[in-house]
Amino acid sequence: MSGRAALVLPGGGARGAYQVGVLKALAELLPGPASPFPIISGISAGAINAGVLASHADDFAHATARLEHFWGELRCARVYRSGWLHNLKSGLHWLAALTLGGLGVANPRALFDNRPLAELLEAELDVEGISRCLNDGSLDALMITASGYSTNRAVTFFQAADADPGWRGLRRIGRRARIDHRHLLASAALPLLFPAQRLDHEYYGDGGMRQTAPLKPALHRGADRLLIIGTRDEVADPEPVQAAAYPSLGDIGGHLLDVIFMDHITSDLERLQRVNRLLGELPPGCAGAAGLRPVRSLLIRPSQDLRQMAARHAQRIPASVRTLLRGIGAWGSGRMAGFLLFEAEFCRELIELGYQDGIAAADEVRALLT
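These numbers come from a predicted model, not from an experiment.

With that settled, consider the overall build of the protein chain. Across its full length, the protein chain carries 15 helices and ten strands. Relative to the globule expectation of 21 Å for 370 residues, the C-alpha radius of gyration of the protein chain, 20 Å, shows essentially globular dimensions. A principal-axis box enclosing the C-alpha atoms of the protein chain has dimensions of 65 × 50 × 40 Å. Every one of the 370 residues in the protein chain was classed for burial, and the buried ones make up 55%.

As structure tokens, then:
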């Protein structure tokens with residue numbers, strides 16, 4: 001194994017369980033015990049998976065087993081408060097703020113309260129394990145991206161084995177940090193759904209909002225091969241045969257989340273492939289002189305329609321949450337519900353699909369990494 005392979009884990013809400021299945025397959029396919037990915041970059045739900053992998057980078061099989069247990073026992077109530085009384089208060093709070101124009105009513109921070117997830121991550125993340133793996137050489141860098149609401153830029157918090165001072169780009173910076181559960185929580189703060197997380201003097205939200213070049217952090221660390229595990233299938237939506245209904249707020253929100261989680265990855269991969277083709281046409285030695293290098297990549301993504309899968313499990317979402325989603329028109333399309341369906345049965349099916357897709361891509365993975 002080369003030391004410059006990177007794992008990139010984008011977001012997807014509850015769909016992040018799919019990544020665990022692919023990782024489980026990789027743990028069986030690749031030699032161990034250490035992680036084959038010294039560079040690990042995560043965004044949103046992918047940040048949670050990245051944090052656990054980095055904390056056990058010296059034992060890749062153990063890390064994937066911990067993730068499988070984490071997702072396989074998950075419930076919505078362990079991610080956000082789902083009781084009737086709390087959600088009724090939340091709905092009335094939003095109604096009062098909208099109808100009274102905020103007069104005498106504090107602006108609501110989010111539709112859901114994710115304090116249960118904060119407590120879960122604080123208990124589960126082995127912060128000392130990240131430092132241990134950086135010191136013993138089984139990890140080169142952990143990189144977690146969040147979106148700053150004050151500065152309007154993507155901030156990649158990274159913990160590295162060397163003294164890398166970070167970087168600055170257009171609306172993107174890299175900042176050294178000792179990563180803990182708060183960074184994961186900030187990266188996974190879905191806009192409007194979950195409250196922003198304060199780190200130092202700024203509030204942060206989901207990393208996918210501002211990170212239009214999600215491959216950049218890994219490339220900055222010198223990665224020459226990238227394995228990306230996506231959370232969106234590419235099953236084409238059928239053309240409407242009759243006039244479609246006007247999209248609800250929930251439909252629009254679901255589309256925005258879809259863009260945040262996967263469209264940036266797809267665009268960045270296309271740019272990477274164009275640069276590779278350009279480098280292939282240059283005379284020998286020109287690429288290095290220009291500060292460029294070829295980077296190989298592999299994207300593994302779901303082979304089945306995840307919205308249909310979510311529809312089979314949608315009734316497992318707590319009734320109070322379903323009521324809230326109906327109120328904003330987000331129930332029935334399967335798009336928004338799939339992001340919030342943190343129920344073990346759905347997650348286990350996603351893990352199994354990811355495992356099968358990972359096994360199917362065995363030859364491509366070995367060709368990329370060995």
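More follows now that the structure is in view.
Attention now goes to the pairing of strand 4 (residues 153–160). For strand 4, a buried count of eight out of eight residues is recorded, marking the element as mostly surrounded by other parts of the structure. In strand 4, alternate side chains face the same way, and those of R153, V155, F157 and Q159 on one face and A154, T156, F158 and A160 on the other are all buried. Across eight bridges, strand 3 (residues 141–148) lies against strand 4 in antiparallel orientation. Each residue of the ladder has a partner; that of I144, found in strand 4, is F157. Counting the residues in the hairpin turn of strand 3 and strand 4 gives four residues, including N152, whose phi is positive at 55°. Sheet topology note: the strand 4/strand 6 (residues 172–176) ladder contains five bridges and is parallel.

Glancing now at the packing of aromatic side chains. According to the stated counting rule, one finds nine aromatic pairs in the structure shown. Taken together, a centroid distance of 4.9 Å and an interplanar angle of 40° make the contact between Y80 and F112 tilted. Residue Y80 is found in the loop between helix 3 (60–72) and helix 4 (84–99), and its partner F112 is found in the loop between helix 4 and helix 5 (115–124); the two are separated by 32 residues along the sequence. No difference in accessibility class separates Y80 from F112, as the two residues are buried. Ring geometry for F112 and F194: centres 6.4 Å apart, planes at 65°, overall edge-to-face. Here F194 lies in the loop between helix 7 (181–187) and strand 7 (197–199) and F112 lies in the loop between helix 4 and helix 5, a separation of 82 residues in the sequence. Of the two residues, F112 and F194, both sit in the buried class. Grouping aromatic residues by their ring pairs yields a cluster made of F70, W71, Y80, F112, F194 and F342. A cation sits over an aromatic face here: K24 above Y355, 5.3 Å from the ring centre.

This part is about helix 3. Under the 1.5 Å per step criterion, the end-to-end length of helix 3 is 18 Å for 13 residues, consistent within 8% with the ideal 18 Å. Taken as a whole, helix 3 has its buried residues at F60, A63, T64, L67, F70, W71 and G72. Elements that come into contact with the buried residues of helix 3 comprise helix 1 (16–29), helix 2 (45–55), helix 5 and helix 14 (344–360).

The next point concerns helix 14. End to end, helix 14 covers 24 Å across 17 residues, agreeing with the expected 24 Å (1.5 Å per residue, within 8%). Listed in full, the buried residues belonging to helix 14 are A344, F346, C347, L350, I351, L353, G354, Y355, D357 and G358.

Packed helix pairs are specified by the crossing angle of their axes together with the interaxial distance, meaning the distance between the axes. Interaxial distance between helix 1 and helix 14 falls to 6 Å at its minimum, and their mutual angle equals 40°. On the basis of their axis angle, the class for helix 1 and helix 14 is oblique. When the axes of helix 1 and helix 14 are compared, the crossing they make is right-handed. Every residue of helix 14 that contacts helix 1 at A17, Y18, V20, G21, V22, K24, A25, E28 and L29 is listed here: C347, L350, I351, L353, G354, Y355, D357, G358 and I359. By residue class, the composition of the contact of helix 1 with helix 14 is twelve nonpolar, three polar and three charged.

Note that C133 resides in helix 6 (residues 127–136). Residues C133 and L67, 66 residues apart in the sequence, show an inter-C-alpha distance of 17 Å. Apart from the residues lying within four places of it in its own chain, the contact partners of C133 are A54, S55, H56, A57, D58, S138 and L139.

Once that is clear, we can look at the environment of L134. Mapping L134 onto the fold places it in helix 6. On a C-alpha basis, the gap between L134 and P284 in space is 35 Å, while along the polypeptide they are 150 residues apart. Excluding residues within four positions of it along the chain, L134 makes contact with L139, D140, A141, Q159, A160 and A161.

Our focus in this paragraph is the nonpolar core. As a rule of thumb, soluble globular proteins bury nonpolar side chains together. Among the nonpolar cores identified, the biggest contains 98 residues, and W71 and L226 are the most heavily contacted of them. Apart from the residues within four sequence positions on either side, W71 is in contact with G13, A14, G16, A17, V20, N49, F342, A344, C347 and I351.

What counts, and at which threshold
- Residues numbered from 1 in each chain as written.
- Predicted model: local features only at pLDDT ≥ 70, side-chain atom pairs only at ≥ 80, totals over all residues.
- Heavy atoms only, no water.
- Helix = DSSP H or I, 4+ residues; strand = E, 2+ residues; numbered from the N terminus.
- Rg over C-alpha atoms; globule rule 2.2 N^0.38 Å.
- Buried < 20%, exposed > 50% of the residue type's maximum accessible area, 1.4 Å probe, protein only.
- Pairing = 2+ DSSP bridges.
- Phe/Tyr/Trp six-rings, centres within 6.5 Å; stacked < 30°, edge-to-face > 60°.
- Lys NZ or Arg CZ within 6 Å of the ring centre and 35° of its normal.
- Expected span 1.5 Å × (residues − 1).
- Contact = heavy atoms within 4.5 Å.
- Axes fitted to C-alpha atoms, helices over the stretch in contact; angles between N-to-C directions.
- Parallel < 35°, antiparallel > 145°, perpendicular 65-115°, else oblique.
- Left-handed = near helix turned anticlockwise from the far one by under 90°.
- Nonpolar A, V, L, I, M, F, W, Y, C, P; charged D, E, K, R; others polar.
- Core = buried A, V, L, I, M, F, W, Y, C linked by side-chain atoms within 4.5 Å.

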